[in-house]
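# Residue-level structure breakdown
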Amino acid sequence: MDVSDLIDQLNDAQREAVCAPFSNQLVLAGAGSGKTRVLVHRIAWLMRVEQLSPHQILAVTFTNKAAHEMRERLATLFDHGAGALRSMWVGTFHGIAHRLLRAHWQEAGLPQNFQILDSDDQLRLIKRVYQELQVDDARWPHRQAQWFINGKKDDGVRAAYVKDDFDPFTKMMRSIYAAYEDACERGGMVDFAELLLRSHELWLKQPTLLEHYQRRFRYILVDEFQDTNSIQYAWLRVLAGKTSHVVVVGDDDQSIYGWRGAKIENIHQFQRDFSPVCVTRLEQNYRSTSNILNAANAVIENNGDRLGKTLWTDGVDGEPIDLYAAFNEQDEARYIVDQIKKWLDAGSVASEIAVLYRSNAQSRILEEAFIRADLPYRIYGGQRFYERLEIKNALAYLRLLVNRQDDAAFERVVNTPPRGIGNKTVETLRLLARDQGCSLFDACRGALANNVLPKRASGALTGFLDLLDALDDSAHDRSIAEVSRLVIENSGLLDYHQQEKGERGQVRVENLQELISACRSFEPEEEDRPALEAFLDRAALDAGDAQADDYEQAVQMMTLHSAKGLEFPHVVLCGMEENLFPHRMSAEEPGRLEEERRLCYVGITRAMEKLVLTYAENRRMHGKESFNALSRFAREIPSALINEIRMNAVVTRPAQFQSPRASKADAHGLNLGQSVRHHVFGEGVILQMEGRGTNVRVQVNFAAEGIKWIMLQYAALEPL
DNA sequence: AAGGCAAATGTTTTT
DNA sequence: CATTTGCCTT
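Structural notes, computed from the coordinates. The residue count restarts for each chain, going from 1 along the sequence in the order it is written. To label them, take the chains in the order written and letter them from A, then take the ligands in the order written and number them from 1. Confidence filtering applies because this is a predicted model: local features only for residues at pLDDT of at least 70, side-chain atom pairs given and counted only at 80 or more, and all residues used for totals across whole chains, interfaces and linings. Hydrogens and water molecules were not included; the side-chain quantities draw on all heavy atoms of the structure.

Attention shifts here to the overall build of chain A. Scanning chain A from terminus to terminus reveals 29 helices and 22 strands. Contacts were defined at the residue level, with two residues in contact if any of their heavy atoms lie within 4.5 Å. Excluding contacts between residues fewer than 6 apart, the proportion of contacts in chain A whose partners are at least 24 apart in sequence is 74%. Here, Shrake-Rupley sampling with a 1.4 Å probe gives the accessible areas, and only protein chains in the shown set may cover a residue. Total accessible area computed for chain A in this model is approximately 33,500 Å², and 48% of it derives from carbon and sulfur atoms. Helix and strand assignments come from DSSP, with helices taken as H or I runs of at least 4 residues and strands as E runs of at least 2, each series counted from the N terminus.

Within the secondary structure layout, D120 lies in helix 7 (residues 119–133). For every residue, the accessible area obtained with a 1.4 Å probe (protein chains only) is divided by the maximum for its type, and the residue is called buried under 20%, exposed over 50%, and partly exposed between those limits. By relative accessible area, D120 is classed as partly exposed at 34%. Remark: the alpha-carbon pair of D120 and E16, spanning 104 residues in sequence, is separated by 45 Å. Those residues within four positions of D120 in sequence are excluded, and the remaining contacts are K392 and R412.

Okay, the pairing of strand 6 (residues 219–222) next. Side chains Y219 and L221 project from strand 6 onto one buried face, and the interleaved I220 and V222 project onto a second face that is buried too. DSSP calls a pair of strands paired once it identifies at least 2 bridges connecting them. Alignment of strand 2 (residues 57–61) against strand 6, held across four bridges, turns out to be parallel. Looking across to strand 6, one finds that V60 is bridged to V222. Pairing of strand 6 with strand 7 (residues 245–250) involves four bridges; the strand directions are parallel. Paired with L221 across the two strands is V247, which belongs to strand 7. Crossover connection from strand 6 via helix 12 (residues 230–240) to parallel strand 7: handedness right-handed. Crossovers are described as right-handed under a simple rule: with the strands pointing away from the observer, the path leading from the first strand over the helix to the second runs clockwise.

The local shell around DNA strand B holds 33 residues, among which R358, R384, T559, S586 and R592 are the closest. In DNA strand B, the atoms that sit within 4 Å of the protein are 51% sugar and phosphate, with bases accounting for the remainder. N or O atoms closer than or at 3.5 Å make up a polar contact, with two conditions inside protein: a donor-capable atom paired with an acceptor-capable one, and, for residues adjacent in sequence, both atoms drawn from side chains. Here a base oxygen of DNA strand B and a side-chain polar atom of R358 are 2.4 Å apart. At 3.4 Å from a phosphate oxygen of DNA strand B is found a main-chain nitrogen or oxygen belonging to G420. Proximity is defined per residue: if any heavy atom of the residue lies within 4 Å of a molecule or strand, that residue is considered near it.

Take the packing of aromatic side chains next. Classification of ring pairs rests on two measures: the distance between centres of Phe, Tyr or Trp rings, Trp counted by its six-membered ring, which must be within 6.5 Å, and the angle between planes, read as stacked under 30 degrees, edge-to-face over 60 and tilted in between. Scanning the entire structure with this criterion turns up 21 aromatic pairs. Ring plane angle 65° and centroid distance 5.6 Å describe the contact between F225 and F270, whose orientation is recorded as edge-to-face. Note that F225 is positioned in the loop between strand 6 and helix 12 and F270 in helix 13 (residues 265–273), a separation of 45 residues in sequence. What makes F225 buried here is its relative accessible area of 1%. Here the guanidinium or amino end of R102 rests over the ring plane of F114, the centre of that ring lying 3.9 Å away. By definition here, charges over rings are those cases where NZ of Lys or CZ of Arg is within 6 Å of the ring centre and within 35 degrees of the ring normal. Taking the ring centre of W259 as reference, the NZ or CZ of R260 above it sits at 5.9 Å.

What follows deals with the pattern of salt bridges. Here a salt bridge means any side-chain nitrogen of Lys or Arg lying within 4 Å of a carboxyl oxygen belonging to Asp or Glu. Tallying each qualifying case throughout the model produces 50 salt bridges. For K392, the salt bridge goes to D121, with nearest N and O atoms at 2.9 Å. Note that K392 is positioned in helix 17 (residues 389–402) and D121 in helix 7, a separation of 271 residues in sequence. The same class applies to K392 and to D121, which are both buried. Of the charged contacts, one joins R334 and D331 as a salt bridge, the two residues approaching to 2.2 Å between their closest N and O atoms.

This is the structure in structure tokens:
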């Protein structure tokens, strides 16, 4: 049999992993070591050499993006048999769990049309539970309860099994959790963590079913294994049983989701539970220059308790790493823009440049600088498409068409756009629904039939129900794109957003149109499910990250978290400051600090040819000015690899050290803490200053008028 | 019931 | 600083 096409281009370690005997496998794959390629080739190997059919293979990833990529790479490798690939299960943990629950809803104890709650829906439901239980949300914040519930579910713990240890907090959280479970049960709703928990329980409760899948999946592959949480691991272990073989691929140094319940220890645990395990290390890096790699290694070395892995390359040293000390965040953005312009002038393509940052909030200033410089850019993350308000509203109408009992959807749109159904009316419906143990929709019907509502409310509600019926009637025999167009137009959502003032309304109208085209291009994976329902599932499960357009020539901006798995010839890693990166919230605890360091490692290893680090000595955070030292991570990089750049030309520093603020002030003969007189506001004391040139602003605390910002350009301040 | 204004509140992200 | 939330008014 000829397998040369599968192994020819591989290095020794990669080949070892691809051609391993039929057994359990752990592949420790460093950044840029060709991990996806190994996975894809391993699948091909199994099919060709071990004669497995695609039907017997299960490939699990964490993100939809990774799942898509794997499918694509497989399709390229088997350019003939895309059809054969269709019977192979490739998906995220959640996607696969969902598929199982749809297929076996009865055995799982779910209604056939169960709905998926996204985190927004979940929070709303929790708020309603608070009302029901009359819990004080000031004392026990909603978000904390959401965090608690998801955390427990990720650990596989149901409310009934939460131990309180006489701790009032845990007791309270447990009762909220229990009530939340009830509410989900009643409404036939399943949140993300529940998908996994349920399908795990499904197998424990239905041995025959479990056996069926165990027999079917001879081989299971798991990507990004370092990100698995407890319930995912348990799920995997049960499914694998004693007969399936499992290959997991991961990198303990790239585990950055610990705060979300991911357990790196699962890598150790795997070697014990799935023994004997064939371990392969992929340490040769094909992505970055030697300098970049050495910097990454130097940083990650400071973490204890690693599995131990050192990336190496036989490539060139490459350029040194630039480190720019910016004056403030404006200067940082300016420098980044200038730097990128130089790269572009030198012939780089915009889409090969990425600007990475720790938190989304940093993107704004960059965005403004890019607009000013007229550079094309693209920001990833932030609000996802299917989570936008207007989209969720439109989807709620569609959900009601599928299932009138969907209370979450009902509440969302009963008065959206406003049609005269206020809180009072909805509250009455809620009470009725609770008393009769029925849905809001049924309660609404009942209330109208028995005439228990005031005339105005009845009129409005009748209008709403008629609208739904009319939409339902027109939905028959139409494509989902047509149906959603009708919904958006006839519900009044379109008019409502068109009337919205400003740019916001326009964006929302465009998004609604985008939804219609998303419907048009929707391709269901399974044929036997009604298209609309399948589409709604997709919307819940796949947040619709705007797929990166390869053709789009724009600089890529994103958080370090979303950069995982990507690579760029030029990378700028900005905001390299203590308190920002590592983040203030994480600096205290050693474990969380190590996770931040791994995040830094991920960031550095995204760069192929050139890496630039920047930091601002002075940055406005949450409206307050703060002075932060250079990040410890930057200091962990050997100075031989770094080319330090200070601002020159812009400001000439006085001989003795002065803070940037003080030098600005000097230009106007003003200083912090100085007393001044203003021709209108009288006397006061200078609190803060900012800006340069004609834009200097000074904050003064006036004895008579309080604190005000003064533009020196317009109003002179006289020193006292 | 709806719009307007003041106060609170700020990680990271996927599903 | 900027956005979101909730209260209060019409």
